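What the coordinates show
One-letter residues, chain by chain:
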Amino acid sequence: MIATPSLQESVSPEEWQLRCDLAACYRLVSLYGWSDLVFTHISAKLPESVSGPEHQFLINPYGLMFEEITASSLIKVDMQCNKLHDSPFPVNPAGFVIHSAVHEARPDAGCVLHTHTRAGVAVSAQKGGVLPISQQSTFVLGSLAYHEYEGVAFRDEEKPRLQADLGEANFLMLRNHGLLTVGKTIADAFLSMYTFENTCRIQIDAQAGGDLTAVNPQIVSGVAQAMRVQTGGLGGAFAWPALLRKVQREAPGYDS
């Protein structure tokens, strides 16, 4: 594990808490097998109480495996992905293009989580996209958008098209590329990705087994209320304490 000097005493309590939650999220993505070596990102927006009117974000130090990331190694950047504090690690401006586009268009986006998983990319390559064939898929279909593949996402000119495609959706399927979720909090974005990823895994498995049975469209239309009931109205916060306990057991040290 790479040792990084602690930032706990040099940042506000609000920023430190966000750093701990984001580091935990990176560790969870690794534990669940969603990472792609060092090549995807999870970004979290600092609250205005910390950053003021300027948009500031936390993102991973480029080149570290997700299981190596700690609260102190996360890097604070502006909308152009310029580092706002000294860090021995580089950042990846090209990787922040998608994230900055979402944060710019969605003031409610506290966290943007992007993956390149095998199942996610597989479904993103299917013409039909997400099919209404599982309970998990109904939660995704209630707030799903698609964005066509334009090559490796490092050009700012793609951002307006991605923003228009995303709209107010919280799940975005990047065609031939992968999955993206938007959450008001890190916990919300993680829970959404857990559901999105399982939707894709179930679909690939089901397609290998014969004819499929579709869910009644009326059930899909009422899914928002069902999700509120399932989580007691708490969204991702309902599962987050248990997930933090899992990280503490299986990948301790994230909060350093």
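For the structure itself, look to the data block above.
To keep things clear, this report deals only with the structure shown in the data block. Predicted model, so just to flag it, every value in this text is computed and none were measured. Residue positions are given per chain, counting from 1 as you read along its sequence in written order. Only residues with pLDDT of at least 70 get local features here, since the model is predicted, and only at 80 or more are side-chain atom pairs given and counted; chain-wide, interface and lining totals rely on the full set of residues. To get the side-chain values, all heavy atoms of the structure are used, and hydrogens and water are removed first.

**Concerning the environment of P241**
Condition: Each helix is a run of H or I in the DSSP string that is no shorter than four residues. Each strand is a run of E no shorter than two, and both are numbered from the N terminus. To sort residues, take the accessible area from a 1.4 Å probe on protein chains only and compare it with the maximum for the residue type: under 20% means buried, over 50% means exposed, and anything in between is partly exposed.
As for its placement among the helices and strands, P241 is situated in helix α10 (residues 240-250). The exposure class of P241 is partly exposed, given its relative accessible area of 41%. Note: C-alpha distance between P241 and L162 (79 residues apart in sequence) is 33 Å.

**With respect to unusual backbone geometry**
Phi is mostly negative for residues that are not glycine, and the peptide bonds are mostly trans. One non-glycine residue, L37, lies in positive phi territory at about 55 degrees. Note on placement: L37 falls in the loop between α1 (13-31) and β1 (42-45). Although it is not a glycine, N176 adopts a positive phi angle of roughly 60 degrees. With respect to the helices and strands, N176 occurs in the loop between β6 (171-174) and β7 (178-183).

**Let's talk about the nonpolar core**
Under the convention used in this document: By nonpolar core we mean a set of buried residues, namely Ala, Val, Leu, Ile, Met, Phe, Trp, Tyr and Cys, connected to one another through side-chain atoms within 4.5 Å. Only heavy atoms matter for contacts: two residues are in contact if any of them lie within 4.5 Å across the pair.
Core analysis: the biggest nonpolar cluster contains 52 residues, and F190, F196 and W240 have the highest contact counts within it. If one sorts the elements of this core by residue count, α1 sits on top with 10 residues. Discounting residues that sit within four places of it in the chain, W240 has contacts with D21, A24, C25, L28, I186, A187 and F190.

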